[in-house]
Amino acid sequence: MTHWLFKSEPGVFGIDDLAARGAEPWDGVRNYQARNLLRDRTAVGDPVLFYHSNCARPAIVGLAEVASSPRPDPTAFDPDSPHHDPKGDPAAPRWYLVDVRYRRHLARPITLAELKTHAEGALAGLALVRRGNRLSVMPLSPAQFDFILALEHRPAP
DNA sequence: GCCAACGTTGGC
DNA sequence: GCCAACGTTGGC
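Quantities reported herein were computed from a predicted structural model and do not represent experimental measurements. Counting from 1, residues in each chain are numbered in the order their sequence is written. Each chain takes a letter, starting from A, and each ligand takes a number, starting from 1, following the order in which they are written. The predicted nature of this model means local features are confined to residues of pLDDT at least 70 and side-chain atom pairs, given and counted, to a pLDDT of 80 or more, with totals for whole chains, interfaces and linings taken over all residues. Neither water nor hydrogens contribute to the side-chain values; these are computed over all heavy atoms in the structure.

Trainee: Which residues make up the protein's contact with DNA strand C, and what values go with them?
Mentor: Within the structure, DNA strand C sits among Lys-7, Tyr-51, Ser-53, Asn-54, Pro-58, Leu-112, Lys-116, Asn-133 and Arg-134. We define proximity as follows: a residue is near a molecule or strand when any one of its heavy atoms falls within 4 Å of that partner. In DNA strand C, atoms within 4 Å of the protein come 76% from sugar and phosphate. Any N or O atom pair separated by 3.5 Å or less is treated as a polar contact, with the protein-specific requirement of one donor-capable and one acceptor-capable atom, and with residues adjacent in sequence counted only for side-chain atom pairs. The side chain of Tyr-51 places a nitrogen or oxygen atom 2.7 Å from a phosphate oxygen of DNA strand C. Arg-134 is positioned with one of its side-chain polar atoms (N or O) 2.8 Å from a base oxygen of DNA strand C. By the convention adopted, Pro, Cys, Tyr, Trp, Phe, Met, Ile, Leu, Val and Ala count as nonpolar, Lys, Arg, Asp and Glu as charged, and the other residues, Gly among them, as polar. Its residues placed into classes, the surface near DNA strand C shows three nonpolar, three polar and three charged.

Right, here's the structure in full:
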């Protein structure tokens, strides 16, 4: 089992959208490093921290889980999709997705600012707290995952 | 809105 | 294979 953090822009698809839909194909990943992680390391039941990026208050806001095996991302072959890949070839899929299922909102958002206060400690090495990081799907160690979830029930800083 | 950081593309 | 140009991400 691998523990994950998935980024999403709340203006496009936020935790409330996932809660409303129950489960959703995590399409549109178009970065090779993220693709390799999705394709090679995800398994049904893996826990996922749901992170809101590119917004006023970047934060981890919910808990989800991987709900399918990886499979080719059909939006790559759809000319009408914003994620269409002109070089996409169904015979040799380049991009993959998994389904993600909502579990719950966190008791409070754990902001990037708060997470960064642990960048030299419990969260050392976590890509999310490194400057300039653009990876939208990243693995965490079980210890990092547990540490972040434990913050939820501490008072907001 | 700004801009730094990053990944990708393509000329050479 | 190098690297400049470009487009995108994402914090602030």
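Trainee: Outline the pattern of salt bridges, listing residues and values.
Mentor: Salt bridges are defined by distance alone: a side-chain nitrogen of Lys or Arg within 4 Å of a carboxyl oxygen of Asp or Glu. Counted by the stated rule, this structure contains nine salt bridges. Salt-bridge contacts for Glu-65 lead to Arg-101; the nearest nitrogen and oxygen are separated by 3.0 Å. Taken as a pair, Glu-65 in strand β4 (residues 59-66) and Arg-101 in strand β7 (residues 99-111) lie far apart in primary sequence, 36 residues in all. Buried means the residue's accessible area, taken with a 1.4 Å probe over protein chains only, is under 20% of the maximum for its type, while exposed means over 50%, and partly exposed covers the values in between. For Glu-65, a relative accessible area of 15% corresponds to the buried category. Accessibility expressed as a relative area gives 37% for Arg-101, which makes it partly exposed. Members of the salt-bridge network, linked through shared partners, are Glu-65, Arg-101 and Arg-103. Each helix is a run of DSSP H or I of at least 4 residues and each strand a run of E of at least 2, with the numbering of both proceeding from the N terminus.

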